[in-house]
Amino acid sequence: MSEQEKIQELQFLLELAISKLIDMTGIKDYPDFILRYRLTESKAIGLMDEIVAIEEEVKQGKTITSIEILNRLGVFSPSPIIAPVPEVSFFTEVLELLSPEILLPIYKT
């Protein structure tokens, strides 16, 4: 078996393991969210940092629209090829997890 075949086999098994974990746990917390959308470490950290930054702006009185939230968080959204889940659910789920009291109500309006 070539090195490339071994890598493909390992990648396949990893995808199965991730799918099984998601089936068992659902989206209950941020690690489950990261697994479901296959975020890289840098994207996961950047997403949390951006949520905090937007929340701080809201707390300081700046008006934030749902479109602005989409634009700012859109850079962290996975491509549809990697995660076939509709991207709308990505935004709703991340806001439900990381900012249910502040940004989720703004996003839903």
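Each value, and the rule that gives it
- For every chain, the first residue of the written sequence is number 1, and numbering continues from 1 along that sequence.
- For a predicted model such as this one, the threshold for reporting local features is a pLDDT of at least 70, and the threshold for listing and counting side-chain atom pairs is 80 or more; totals across whole chains, interfaces and linings nevertheless cover every residue.
- Only hydrogens and water are set aside; all other atoms, that is, all heavy atoms of the structure, feed into the side-chain values.
- The criterion for an aromatic pair is that two Phe, Tyr or Trp rings (for Trp, the six-membered ring) have centres within 6.5 Å, with stacked assigned to planes under 30 degrees apart, edge-to-face to planes over 60 apart and tilted to the rest.
- Working definition: helices are DSSP H or I runs of at least four residues, strands are E runs of at least two. Numbering for both runs from the N terminus.
- We call a residue buried when its accessible area falls under 20% of the maximum for its residue type, exposed when it is over 50%, and partly exposed in between, using a 1.4 Å probe and counting protein chains only.
- Only buried residues count toward a nonpolar core. Its members are Ala, Val, Leu, Ile, Met, Phe, Trp, Tyr and Cys residues joined through side-chain atoms within 4.5 Å.
- The contact criterion used is simple: two residues touch if any of their non-hydrogen atoms lie within 4.5 Å.
- Along the arc lie the directions from the helix axis toward the C-beta atoms.

> Could you give me a rundown of the packing of aromatic side chains, with the residues and numbers involved?
What the rule picks out here adds up to five aromatic pairs. On the basis of an interplanar angle of 90° and a centroid distance of 5.1 Å, the ring pair of Y37 and F90 is categorised as edge-to-face. Taken together, the residues span a long stretch of sequence, with Y37 in helix α2 (residues 30-37) and F90 in helix α5 (residues 87-98) at a distance of 53 residues. The pair formed by Y37 and F90 is uniform in burial state, with each residue classed as buried. With a centroid separation of 5.3 Å and an interplanar angle of 85°, the aromatic rings of F90 and F91 are classed as edge-to-face. An identical accessibility class is assigned to F90 and F91; each is buried. Linked through ring pairs, Y30, F33, Y37, F90 and F91 together constitute an aromatic cluster.

> Describe the nonpolar core, and please don't skip the residues or the numbers.
Counting 20 residues, the largest nonpolar core has F33, L39, L47, I69, L73, F90 and L95 as its most contacted members. Those elements that provide at least two residues to this core are α2, α3 (41-59), α4 (66-73), α5 and α6 (103-108). In contact with L39, other than residues within four places in its own chain, are Y30, F33, I34, A44, L47, F76, P78 and F90.

> Requested: an account of the side chain of R72, with residues and values cited.
Within the element layout of this structure, R72 appears in helix α4. If near-sequence neighbours (up to four positions away) are discounted, R72 is found in contact with E50, A53, I54, E57 and I64.

> Describe in detail α2, supporting the description with residues and values.
Every buried residue of α2 is listed here: Y30, D32, F33 and Y37. The arc that holds the buried residues of α2, viewed along the axis, is 155°, so those residues lie on one side. The first or second residue beyond α2 is R38, which carries a positive phi of 50°.

That's the geometry; what it means functionally is another story.
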